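Now for the letters of each chain:
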Amino acid sequence: MTDQKVLFPQLFLRFAIAVTMLSAVADRFGFWGENSVWGNWGNFEKYTKQLTFFLPEILSTFSAYTATF
């Protein structure tokens, strides 16, 4: 059986992680406005291409989609 003292913190931690991941995806799609980190999808793709400069451009774009998925 699962101990009730462990169940609530585990559920809270899973919820917190899910919210932070969805917040990052919302930022990539521009839901947080222009004062956010990326602000829109184009800026996120450009930043991903800077990080993956060693890959061909098509793979850099694909890696942006993969990171979001």
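Remember, predicted model here, so these are calculated numbers, not experimental data. (Residues numbered from 1 in each chain as written. Predicted model: local features only at pLDDT ≥ 70, side-chain atom pairs only at ≥ 80, totals over all residues. Heavy atoms only, no water.)

A. Local environment of helix H1 (residues 4–28). Here H1 is 25 residues long and its end C-alpha atoms lie 37 Å apart, about the 36 Å a rise of 1.5 Å per residue gives. Taken together, the buried positions of H1 are Val 25, Ala 26, Asp 27 and Arg 28. Buried residues along H1 sit in contact with helix H2 (41–51) and helix H3 (57–68). At the exit of H1 stands Gly 30, carrying a positive phi of roughly 85°. (Helix = DSSP H or I, 4+ residues; strand = E, 2+ residues; numbered from the N terminus. Expected span 1.5 Å × (residues − 1). Buried < 20%, exposed > 50% of the residue type's maximum accessible area, 1.4 Å probe, protein only. Contact = heavy atoms within 4.5 Å.)

B. Representation of H2. Within the sequence span of H2, burial applies to Trp 41, Phe 44, Glu 45 and Thr 48. The buried residues of H2 occupy an angular sector of 100° when the element is viewed end-on, so they sit on one face. Turned more than 90 degrees away from the buried face of H2 sit Lys 46 and Gln 50, all of them exposed. Buried residues along H2 sit against H1 and H3. For H2, the side-chain oxygen to backbone nitrogen distance between the N-cap and Gly 42 is 3.3 Å, and the N-cap itself is Asn 40. (Arc of directions from axis to C-beta. Polar contact = N/O pair within 3.5 Å; in protein donor to acceptor, adjacent residues only side chain to side chain.)

C. Layout of a nonpolar patch on the surface. On the surface, a nonpolar cluster with roughly 310 Å² of combined accessible area is contributed by Leu 13, Ile 17 and Met 21. Structurally, Met 21 is set in helix H1. (Patch = residues over 30% accessible without salt bridge, like charges linked within 9 Å, V, L, I, M, F, W, Y side chains within 5 Å. Areas by Shrake-Rupley, 256 points an atom, 1.4 Å probe, with all protein chains shown as cover. Salt bridge = Lys/Arg side-chain N within 4 Å of Asp/Glu carboxyl O.)

D. Looking closely at the packing of aromatic side chains. For the structure on display, the rule yields 6 aromatic pairs. Taking the centre distance of 5.4 Å and the plane angle of 50° together, the rings of Trp 41 and Phe 44 count as tilted. In this pair, Trp 41 and Phe 44 are both assigned in helix H2, 3 residues apart and thus about one turn of the helix distant. The two residues Trp 41 and Phe 44 agree in class, both being buried. Ring centres 5.0 Å apart and planes at 45° place the aromatic pair Trp 41 and Tyr 65 in the tilted group. A residue pair is termed long-range when its members are at least 10 positions apart, and Trp 41 in helix H2 and Tyr 65 in helix H3 qualify at 24 residues. Among the residues examined, Trp 41 registers a relative accessible area of 18% and is labelled buried. One aromatic cluster in this structure is built from Phe 29, Trp 38, Trp 41, Phe 44, Tyr 47 and Tyr 65. (Phe/Tyr/Trp six-rings, centres within 6.5 Å; stacked < 30°, edge-to-face > 60°.)

The analysis is restricted to geometry; functional conclusions fall outside its scope.
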